[in-house]
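Summary of structural features
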Amino acid sequence: MKLAVPRETAPGERRVALTPDAVAALVKSGIEVMVEAGAGAGAFHSDADFQTAGARIVPDAATLYGEADVVAKVQRPTADEVNRFREGTVLVAYLQALSSPDLVQQLASRRITSFGMEGIPRISRAQKMDALSSQANIAGYKAVLIASESLAKFFPMLMTAAGTVFAARVLVIGAGVAGLQAIATARRLGAQVWGYDVRAAVKEQVESLGAKFLEFDIGVKDAEGAGGYAKELSAEAKQKQQEALAARTKDFDVVITTALIPGRPAPRLINKETVAGMRPGSVIVDLAAETGGNCELTKPGEMTVQHGVTICGPINLAATMPVHASQMYARNVTELLKVLVKDGQLKLDFNDEIVKGACMTHDGKVMTK
Ligand code: NAD
């Protein structure tokens, strides 16, 4: 079986799907690995490092895809890349299948068997394959660093000869994987931190990190839905939530938003009136920028100042830390491959909930969920 690792082509993408360490383990297990020249450069892995790990370096994507049985990527492929895959190729990537119906259709019609890392169920057995979590951890950490750099204040409390400086007050809205990492990171920097979420189970997790849980009544006790994800709120609950947050956000120097609902636009939590009510100099970091933003005034990929508030809408933060992001993603992919490949051959067991959850196309068909 020939496993191919291409150079990522998306602008700003510096991660690579497999690192030399991961390649060495796969080669040892009997898989032949090909790596496109320069694929690891963004994450500081040279072609020589991959060669030492046992991979064969191929000069370009056309040669790579012409031979590959399995392609491991970070970002979803472009239409042009899909056209270059051989019929029957197996693809593993972060496909964002729910928001890419055209890509999924194209993969099916090219008879590609595709696995979306985002479809792997959030169950204990699949934790090592959970790329959503590994990459969200990076985003949560980086969001706090962006906030601290943009804030014209210290994060920690300081008692100095020049007087006392009070700790910054940070609110993290949405306390899933990214949010909990943001809370932990802001705490380490010495800020006073609050967390908020619509899932009731989160309160204990927020408090276990030494942060306080922000509570207000929106008429819904617990909005946890299938798979541990949040459900979309009713129009009335959304309205109450926006009003409650408008009243509370003025107390904070930094608001980091991470709220997402799978397959839906990001919930709108902070409207323009709320921003206008915040203290000048405050900072909002909106991690939902890519899917519409939790804040009405967020501009994806930009940092703007509106009503005196700095609003950051960073995109693909995981790619800004390509060494650890690639290391963790490579581990996630390797663990998934262990489920898909037995004795060097592809063996797909569709009774396995991991295979069923992650498989987006197979045998010319879209595998509807
Ligand atoms: P996510 O990225 O889908 O959403 C981020 C957070 O936003 C979630 O905590 C969600 O509840 C929250 N949110 C959504 N709408 C909101 C709103 N209107 N207001 C406030 N908050 C809102 O979530 P995620 O980080 O991918 O985590 C999803 C779930 O999966 C969590 O329960 C997490 O603990 C669980 N998980 C389980 C495993 C495992 O057991 N293997 C691994 C990772 C995550």
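Residues numbered from 1 in each chain as written. Predicted model: local features only at pLDDT ≥ 70, side-chain atom pairs only at ≥ 80, totals over all residues. Heavy atoms only, no water.

1. Section: the sheet that holds strand β15 (residues 309-312)
To keep it simple, the criterion reads: Pairing between strands requires that DSSP locate at least two bridges from one strand to the other. Helix numbering and strand numbering both begin at the N terminus, where a helix is a DSSP run of H or I of at least 4 residues and a strand a DSSP run of E of at least 2. By definition, residues are in contact when any of their heavy atoms lie within 4.5 Å. Every angle, taken between N-to-C directions, lies between 0 and 180 degrees, and every axis is a line fitted to C-alpha atoms, over only the stretch in contact when it is a helix.
The strand order β11-β10-β9-β12-β13-β15-β14 describes an open sheet built from 7 strands, whose pairing is mixed. A strand with exactly one partner marks an edge of an open sheet, and here the two such strands are β11 (212-213) and β14 (303-306). Sheet topology places strand β13 (residues 283-286) next to β15; 3 bridges connect them, and they run parallel. When the sheet's bridge partners are listed, Val 283 is paired in β15 with Thr 310. Set on the sheet, helix α6 (residues 131-150) makes contact with β12 (254-257), β13, β14 and β15; between it and β13 the angle comes to about 155°.

2. Side note on the nonpolar core
Across soluble globular proteins, nonpolar side chains have a tendency to be buried as a group. Put simply, the test is: Only buried Ala, Val, Leu, Ile, Met, Phe, Trp, Tyr and Cys residues count toward a nonpolar core, and they belong to the same one when joined by side-chain atoms within 4.5 Å. Each residue's exposure class comes from its accessible area (1.4 Å probe, protein chains only) as a fraction of the maximum for that residue type: buried when under 20%, exposed when over 50%, partly exposed otherwise.
Counting residues in hydrophobic clusters, the biggest one holds 39 residues, and the most contacted among them are Leu 3, Leu 18, Val 33, Phe 115 and Leu 336. Broken down by secondary-structure element, the contributors of at least two residues to this core are β1 (2-5), α1 (20-28), β2 (32-36), β4 (70-75), β5 (90-94), α11 (322-340) and α12 (353-358). Broken down by element, the residue count for this core peaks at 7 residues, all from α11. Discounting chain neighbours no more than four positions away, the residues touching Leu 3 are Leu 18, Leu 26, Ile 31, Glu 32, Val 33, Met 34, Val 70, Ala 72 and Leu 337. Ranked by size, the runner-up nonpolar core spans 30 residues in total, among them Phe 155, Val 254, Leu 287 and Leu 317.

3. Comments concerning unusual backbone geometry
A positive phi is found at Asn 316, a non-glycine position, where the angle reads about 50°. Among the structural elements, Asn 316 can be located in the loop between β15 and α11.

4. Focus on the site of the ligand
Definition in use: By convention in this text, a residue qualifies as near a molecule or strand provided that one of its non-hydrogen atoms is within 4 Å of it. In protein, a polar contact means a hydrogen-donor-capable atom and an acceptor-capable atom, both N or O and within 3.5 Å, with residues adjacent in sequence counting only if both atoms are side-chain atoms; elsewhere, any N or O pair within 3.5 Å suffices. Where accessible areas are quoted, they stem from the Shrake-Rupley method and a 1.4 Å probe; at the residue level, only the protein chains shown are allowed to cover.
Not every one of the 24 residues close to the ligand is listed here, only the nearest: Val 177, Asp 197, Arg 199, Gly 228 and Gln 241. The contact in question runs from an oxygen atom of the ligand to an N or O atom on the backbone of Val 177, over 2.7 Å. Take Leu 260: an N or O atom from its main chain is 3.5 Å from an oxygen atom of the ligand. For the ligand, the protein covers 85% of the area, taking 850 Å² as the surface of the free molecule.

5. Quick notes on the environment of Ser 100
Relative to the helices and strands, Ser 100 resides in the loop between β5 and α5 (101-109). Ser 100 sits in the buried class, given a relative accessible area of 6%. In this structure Ser 100 touches Arg 76 and Leu 95, once residues within four positions along its chain are discounted. A polar side-chain atom of Ser 100 sits 2.5 Å from the main-chain carbonyl oxygen of Gln 96.

6. Quick word on the side chain of Glu 81
Applicable threshold: Positive: Lys, Arg. Negative: Asp, Glu. His and the chain ends are not part of the count. Criterion for a salt bridge: a side-chain nitrogen of Lys or Arg within 4 Å of a carboxyl oxygen of Asp or Glu.
Following the sequence through the fold, Glu 81 ends up in helix α4 (residues 79-84). No salt bridge is formed by the buried Glu 81; its nearest oppositely charged neighbour, Lys 73, is found at 4.2 Å. Side-chain polar atoms of Glu 81 contact the backbone nitrogen of Thr 78, separated by 2.9 Å.

7. Observations regarding helix α7 (residues 177-188)
Formally: Expected helix span is given by 1.5 Å per residue-to-residue step, counting one fewer step than there are residues.
Between its terminal C-alpha atoms α7 stretches 17 Å, which fits the 16 Å expected from 12 residues at 1.5 Å a residue. The buried fraction of α7 is high, at 9 of 12 residues. Listed as buried for α7 are Ala 178, Gly 179, Leu 180, Gln 181, Ala 182, Ile 183, Ala 184, Thr 185 and Ala 186. The secondary structure elements touched by the buried residues of α7 are α6, β9 (169-173), β10 (192-196), α8 (202-208) and β12. With its phi angle positive at about 95°, Gly 190 sits one or two positions after the end of α7.

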